[in-house]
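Observations on chain architecture
As a plain string of letters, each chain reads:
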Amino acid sequence: MAETRLMTINMGPQHPATHGVLRVVLELDGEVIVRSTPHLGHLHRGMEKLAESKTYHQAIPLTDRLDYTNAMGNNFAYVLAVEKLLGIQVPKRAQYIRVMMAELQRIAAHLIWLGTHALDIGAMTPLLYTFREREDILRIFEEVAGGRLTPTYLRIGGVSKDFPEGIREKIKAFVQAFPGHIKEYETLLTKNIIWLKRTKGVGIISKEDAISFGVTGPTLRGFGVKYDVRKAFPYSSYEEFDFEIPIGSVGDVYDRYIVRLREMEWSNSIVEQALERLPKGPIIAIDPRITLPPKDDVLTDIASLIRQFKIVSEGFQPPKGEVYASVEASKGELGFYLVSDGSNHPFRFRIRTPSFANLSALSKMIEGGLIADVISVIGSIDIVLGEVDR
Amino acid sequence: MAEVNLTIKKLREKFLNSILEVTTFRGEVTVTVTKGEVFEICKFLHSDSDLQYRLLTDLCGLDFFPQTPRFGVVYLLYSMKSNQRLRVKTRVGETESIPSVESIWKVANWYEREAYDLFGITFDNHPDLRRIMLWDGYEGHPLRKDFPVEGPDFDKPFVPEV
């Protein structure tokens with residue numbers, strides 16, 4: 001009888017299917033995973049430390065680089081936390097613009113996920129389709145904010161600039177065409193026998209375990225748990241929009257796929273509703289201590305020039321206290337916990353990222369399964385290492 | 001708010017001497033508790049049938065250098081039953097350790113490793129207390145207030161020797 005022993009293999013950090021620089025050490029008995037150990041930190045940039053030495057305005061561009069597929073959503077969570085700390089109100093128009101941008105960004109993030117996840121499993125065509133629609137969204141971002149991947153569009157108190165001429169027609173054209181595109185993706189995957197065999201019944205853990213592992217977002221909703229920050233703690237007028245939370249049943253990779261597809265449809269519907277009802281008015285709160293004065297005033301009025309200089313160089317001093325504000329980002333609950341000691345920079349800048357908690361459940365999901373399923377489970381959790389490592 | 005009041009009431013009934021302070025800021029309730037009872041309080045909040053704080057949204061460290069006790073540990077809990085958040089805070093000294101809540105919420109495993117890595121807070125009964133972000137053999141804890149932003153020695157290469 002031949003001796004049998006476990007084999008250890010190293011997956012990553014440079015592996016196309018780990019979506020970044022994740023390293024997982026797998027101990028295998030044949031093709032079955034006995035034990036897995038994820039190693040993080042390859043992309044650790046010390047963002048929490050860095051932000052402690054910056055003013056509150058200066059930290060906004062840092063947040064773009066957390067989950068770089070969901071930059072608008074990251075800005076959103078951060079500015080909400082600062083606004084909560086300051087206790088300021090955001091104008092209705094700015095709230096609606098934020099919601100539209102966040103939902104378009106969610107669609108774009110889910111499109112990247114769908115394309116790369118399908119590519120990992122072996123279906124190449126969806127990637128070419130999804131990046132086509134993602135490009136439309138990035139073009140909209142470019143016109144609205146001036147940037148594509150890291151637009152840094154949101155500001156404390158509102159947004160940086162109003163919609164340009166003609167953008168409403170472009171967004172309208174996108175939301176009208178998009179449901180048809182979702183049908184295209186579904187034709188390729190939803191009833192595809194290879195897709196079903198690779199995703200059905202893979203990566204299942206119990207609902208209680210998922211909650212214990214702190215899993216949030218579409219991954220948690222795949223287990224049939226109806227937790228969505230947009231409904232649980234509505235922010236930025238989300239309570240005024242009509243949308244549902246899609247949920248799955250068993251929580252396998254296939255359920256997460258279905259949940260994300262339905263979520264894109266609802267996001268599309270939210271953008272459409274916001275576009276129809278977009279209120280008129282200012283796009284940023286007028287608070288001389290916090291928001292920059294209009295550029296025309298800065299060029300013509302000495303008081304505004306001094307104000308601009310003081311805000312840019314010194315920032316502002318929020319009251320002492322601690323707040324936590326979170327949004328439903330594309331991966332799950334993204335929250336910022338800010339502790340202020342009354343100075344112009346945060347005393348503690350804690351980022352609660354969804355991918356970090358979701359990834360902690362990875363070992364539980366893949367142990368006892370086959371090595372080929374690791375790829376589809378990692379893809380289905382939808383991690384971005386930029387926000388796992390921070 | 002009613003549900004949070006219920007939580008506070010229940011905590012006061014059961015752990016009267018361990019609740020140091022209850023504060024509300026911008027509608028968020030923070031309960032400061034003593035370090036010794038933090039595990040029992042967490043266990044109670046998690047398993048009590050009326051409260052059911054089943055989701056540990058976040059766990060992180062704080063450094064109050066040069067105050068003593070030096071560190072703080074913050075638990076942010078969420079109850080799906082009552083749709084309510086609760087923040088539990090405690091203080092821990094530089095040479096002390098704090099009980100791990102890994103046996104209550106599994107996600108605490110990684111959160112506590114992170115606090116250990118970046119602050120140097122030690123957790124008792126943690127199954128696998130290793131660095132998570134930085135490499136083994138790294139000296140220092142970057143999120144401490146006495147750790148410079150640009151690193152301890154700017155001229156030294158910031159990579160491990162191979």
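Procedures and definitions
Residues numbered from 1 in each chain as written. Chains lettered and ligands numbered in written order. Predicted model: local features only at pLDDT ≥ 70, side-chain atom pairs only at ≥ 80, totals over all residues. Helix = DSSP H or I, 4+ residues; strand = E, 2+ residues; numbered from the N terminus. Rg over C-alpha atoms; globule rule 2.2 N^0.38 Å. Contact = placed C-beta atoms within 7 Å. Pairing = 2+ DSSP bridges. Axes fitted to C-alpha atoms, helices over the stretch in contact; angles between N-to-C directions. pLDDT = per-residue confidence, 0-100. Nonpolar A, V, L, I, M, F, W, Y, C, P; charged D, E, K, R; others polar. Parallel < 35°, antiparallel > 145°, perpendicular 65-115°, else oblique. Left-handed = near helix turned anticlockwise from the far one by under 90°. Buried ≥ 20, exposed ≤ 12 C-beta atoms within 10 Å, placed from the backbone. Core = buried A, V, L, I, M, F, W, Y, C linked by C-beta atoms within 7 Å.

Let's shift gears to the overall build of chain A. Looking only at helices and strands, chain A has 17 helices and 8 strands in total. In summary, chain A has a C-alpha radius of gyration of 22 Å against a globular reference of 21 Å for 390 residues, a match within 12%. For chain A, the C-alpha atoms occupy an extent of roughly 90 × 45 × 35 Å along the three principal directions. For chain A, the proportion of contacts with a sequence separation of at least 24, taken over those separated by at least 6, is 70%.

What follows concerns the overall build of chain B. Looking only at helices and strands, one finds 3 helices and 7 strands in chain B. Reading chain B from its N end, one meets helices and strands in the order α-β-β-α-β-β-β-β-α-β. Structurally, chain B occupies a C-alpha span of about 55 × 30 × 25 Å along its principal axes. Look at the contacts in chain B between residues 6 or more apart in sequence, and 50% of them connect residues 24 or more apart.

Residues and elements named next belong to chain A. Sheet architecture is open: 3 strands sit in the order E6-E7-E8, paired in antiparallel fashion. Edge positions in the open sheet fall to strand E6 (321–328) and strand E8 (348–352), since each of these has one partner strand only. Each strand of the sheet is rotated relative to its neighbour by a mean of 10°, with strand direction disregarded. Direction of pairing for strand E7 (residues 333–340) relative to E8: antiparallel, over a ladder of 5 bridges.

Time to look at the sheet that holds strand E4 (residues 71–79) of chain B. By definition, the strands of a sheet pair up through backbone hydrogen bonds, in either a parallel or an antiparallel sense. All names here are of chain B. One open sheet holds the 5 strands; their spatial order is E1-E2-E5-E4-E3, and the pairing between them is mixed. Edge positions in the sheet fall to strand E1 (19–25) and strand E3 (55–63), since each of these pairs with one other strand and no more. Going across the sheet, the axis of each strand differs from the next one's by a mean of 20°, ignoring polarity. Summarising the sheet, strand E2 (residues 28–33) and strand E5 (residues 84–92) pair through 3 bridges and their orientation is parallel. Counterpart to threonine 30 in the pairing with E5 is arginine 87. Contacting E2, E4 and E5, helix H2 (residues 38–47) runs over the sheet at an angle of about 170° to E5. Packing of helix H3 (residues 108–119) onto the sheet brings it into contact with E3 and E4, and relative to E3 it is tilted by some 10°.

Predicted coordinates in areas of low pLDDT are best not read in detail. Summarising the model, chain B shows a mean pLDDT of 86, and 93% of its residues fall at 70 or more. In the predicted complex, the global pTM is 0.89; the interface-specific ipTM is 0.87.

This part covers the interface of chain B and chain A. Contact with chain B, which involves 24 residues of that partner, is made by 31 residues of chain A. At the level of elements, E3 and H3 of chain B are the ones that each hand at least two residues to the side of chain B that touches chain A. Looking at the side of chain B that touches chain A residue by residue, the class counts come to 16 nonpolar, 3 polar and 5 charged.

Below, the discussion takes up the packing of helix H4 (residues 92–121) of chain A against helix H5 (residues 125–145) of chain A. All names here are of chain A. One can describe the packing of H4 onto H5 by two numbers: an axis separation of 8 Å at closest approach and a directional angle of 160°. With respect to each other, H4 and H5 are oriented roughly antiparallel. Taken as a pair, H4 and H5 cross one another with a handedness that is left-handed. Touching Leu104, Ile107, Ala108, Leu111, Ile112, Leu114, Gly115, Thr116, Ala118 and Leu119 of H4 are Pro126, Leu127, Thr130, Phe131, Glu133, Arg134, Ile137, Leu138 and Ile140, all from H5. Its residues placed into classes, the contact of H4 with H5 shows 14 nonpolar, 3 polar and 2 charged.

Within E5 of chain B, 8 of the 9 residues are buried, which leaves it mostly tucked inside the rest of the structure. If you look at the hairpin formed by E4 of chain B and E5 of chain B, you'll find 4 residues sitting between the two strands, and asparagine 83 of chain B has a positive phi there, around 50°.

All names here are of chain B. Among the structural elements, lysine 89 can be located in strand E5. The partly exposed category is assigned to lysine 89, around which 19 C-beta atoms lie within 10 Å. The spacing of lysine 89 and glutamate 21 is 68 residues in sequence and 9.6 Å in space, taken between C-alpha atoms. For lysine 89, the residues in contact, after removing those within four places along its chain, are Thr30, Thr32, Gly72 and Val74.

The next subject is the pairing of E4 of chain B. Each regular strand shows side chains that alternate between the opposite faces of the sheet. Residue and element names in this part refer to chain B. Of all the 9 residues making up E4, 9 are buried; the element is thus mostly covered by neighbouring parts of the structure. Residues of E4 alternate between two faces, with Phe71, Val73, Tyr75, Leu77 and Ser79 on one and Gly72, Val74, Leu76 and Tyr78 on the opposite face, all of them buried. Sheet topology places E3 next to E4; 8 bridges connect them, and they run antiparallel. Its bridge partner being in E4, aspartate 63 is matched across the sheet by phenylalanine 71. The pairing of E4 with E5 spans 9 bridges and is antiparallel.

This paragraph deals with the nonpolar core. Formed by 146 residues in total, the largest nonpolar core has its most connected members in Ala77 and Ala81 of chain A. Tallying contributions element by element places H4 of chain A first for this core, with 17 residues.

With an omega of 5°, the peptide bond between phenylalanine 65 of chain B and proline 66 of chain B qualifies as cis. Checked against the element boundaries, proline 66 of chain B lands in the loop between E3 and E4. The peptide bond linking threonine 68 of chain B to proline 69 of chain B adopts the cis configuration, its omega dihedral lying at -10°. Within the chain, serine 237 of chain A stands out as a residue other than glycine whose phi angle is a positive 65°. The residue serine 237 of chain A is located in the loop between helix H10 (229–232) and helix H11 (253–276) in this model.

Before going further, it helps to spend a moment on the environment of valine 74 of chain B. Residues and elements named next belong to chain B. With respect to the helices and strands, valine 74 occurs in strand E4. Overall, the presence of 22 C-beta atoms within 10 Å leaves valine 74 in the buried class. C-alpha of valine 74 to C-alpha of valine 31: the two residues are 43 residues apart in sequence and 9.8 Å apart in space. Discounting residues that sit within four places of it in the chain, valine 74 has contacts with Leu59, Cys60, Leu62, Arg87 and Lys89.

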